[in-house]
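Summary of the model geometry
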Amino acid sequence: MNDSQTPPDDGFVSGFVALVGRPNVGKSTLLNALLGQKISIATRKPQTTRHRILGIHQRDDAQIVYVDTPGLHEGGKTAMNRYMNDAAGSALSDVDVVVFLIEAGRWTEADEQVLRRLQAIDTPVIAVINKADRLRDKNQLLPEIELMSKRFGFAAVVPVSALKSDNLQALEGSLIEQLPAGPPLFPRDQVTDRDERFMATELVREQLTLMLGDELPYASTVEIEAFEQEGQLRRIAVIVWVERVGQRRIVIGEGGEQAKRIGAAARRQMEHLFGGRVYLKLWVKVREGWSDDARMLKSLGYHAGQ
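Here goes a summary of the coordinates provided.

Calculation criteria
- Residues numbered from 1 in each chain as written.
- Predicted model: local features only at pLDDT ≥ 70, side-chain atom pairs only at ≥ 80, totals over all residues.
- Heavy atoms only, no water.
- Pairing = 2+ DSSP bridges.
- Helix = DSSP H or I, 4+ residues; strand = E, 2+ residues; numbered from the N terminus.
- Axes fitted to C-alpha atoms, helices over the stretch in contact; angles between N-to-C directions.
- Contact = heavy atoms within 4.5 Å.
- Salt bridge = Lys/Arg side-chain N within 4 Å of Asp/Glu carboxyl O.
- Buried < 20%, exposed > 50% of the residue type's maximum accessible area, 1.4 Å probe, protein only.

1. Notes on the sheet that holds strand 9 (residues 278-286)
Strand order in the open sheet made by the 3 strands is 7-8-9, with mixed pairing throughout. Bordering the open sheet on either side are strand 7 (221-230) and strand 9, each of which pairs with just one other strand. Each neighbouring strand pair of the sheet contributes to a mean axis angle of 15°, computed without reference to strand direction. Of the strand pairs in this sheet, strand 7 and strand 8 (residues 233-242) are connected by 9 bridges, and their pairing is antiparallel. Across the sheet, residue Val222 finds its bridge partner in strand 8, namely Val240. Along the sheet face, helix 6 (residues 196-211) touches strand 7, strand 8 and strand 9 and points at about 130° away from the line of strand 7.

Laid out in C-alpha cells, this is it:
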C-alpha cells in the first residue's frame, strides 16, 4: 500500500479545488503562494496560463489538490481560445470546491460573466478578493466583502494578497471546512501532475511573455524537440513557434540577442526548478495559423480538458 492509499487519521480531508476567474486576476500567483514554490508561470499579461495544472498541497490534516485554470473569457474565436475556455470550464464539474478570484476594488463585466457560470453549479464556491494589499484604506475591505456576499451564496469570502502571501491560512481554513473526509489522493511527496518536459516549455513561454510586446506572446508557443538527462545535467532543445516571419525576427532580435536573453533567463529558471545544470538550445520557426489549427494544437499538448 503506497502513501496515497494509506487510510487517513480521524479528521483528514482531501479533494480538488479549482481556481477560476477572469484573465490576469492572479490565479497562478495564488497557486504558487499556497504551495510555497513555483509550478505555474505567472506574468502581468492576461491569458498566460493555457493549461490546467494541478498543485498538490500536503498538510498534516489535509491534501488539497489545486487546479489552476486559464482565465475564463469571452471573445477570441481561435481554436486556442476555445481550448482555454474548455479547459477552465471543464474544471468546474470535476472538483469539490471552487475558488473564485476577483481583484480588490475592481469588479468588471468579465467577473460578472464568470459569476454567471458559477451560478449554474452545485459545488461550494469561496470568493477570494485578491490584491487586497493594494487598497490604501483597509476599511474598504469590509463593504467589499459585504457586497460580494450579496452577489452570490458564497461559502466564504476571504481577502488575500497572493503576491505577499497574506491571509492564505484563513483561505485554506475555509477550504478545509468544505472538503470531504478521505485519504490522500496522490503520494505525499508529489507536488504537481506535470513533468519536467512540460515545465521546460512553460518556463520558455513565460520569458517570451515577459520580454516581448503585448501581441507576440499570444502568437507564439513552445515545443520540446529533445529532452535528455545525463546525471544532473539536462540537455533540452525547444522550438518557439510563431505565426509570421516578422514575429520570428522579433523573437530572434538583432544578432540573435533577444533569443539569447530569453534562453538564458529560461535556463536559469529551469536550473532552479530542476535542481541541476541545463544546456538549452532554442530555435524559432514559423507556422502560419498554428493557434487556429486544432491538429497542431493537439500535437503540442493542448488536449481537451487539460
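2. Concerning the sheet that holds strand 3 (residues 62-68)
Taken together, 6 strands build an open sheet; the order of strands is 2-3-1-4-5-6 and the sheet is mixed. A strand with exactly one partner marks an edge of an open sheet, and here the two such strands are strand 2 (53-58) and strand 6 (156-159). Each strand of the sheet is rotated relative to its neighbour by a mean of 25°, with strand direction disregarded. Where strand 1 (residues 13-20) meets strand 4 (residues 97-103), 4 bridges bridge the pair, whose relative direction is parallel. Among the inter-strand pairings, Ala18 is bridged to a residue of strand 4, identified as Val98.

3. Digging into the pattern of salt bridges
One pass over the structure, following the stated rule, counts 15 salt bridges. Arg59 is the partner of Glu172 in a salt bridge, and the nearest nitrogen-oxygen pair spans 2.9 Å. Pair noted here: Glu172 is in helix 5 (residues 168-178) and Arg59 is in the loop between strand 2 and strand 3, with a separation of 113 residues, a long-range link. The exposure class assigned to Glu172 is buried, which follows from its relative accessible area of 4%. One salt bridge in this structure joins Arg234 and Glu196, with 2.7 Å as the shortest N-O distance. One end of the pair, Arg234, is in strand 8; the other, Glu196, is in helix 6, with 38 residues separating them in the sequence. The class for Arg234 is buried, based on a relative accessible area of 5%. Residues participating in the shared-partner salt-bridge network are Arg22, Glu103, Arg106, Asp111, Lys131 and Arg134.

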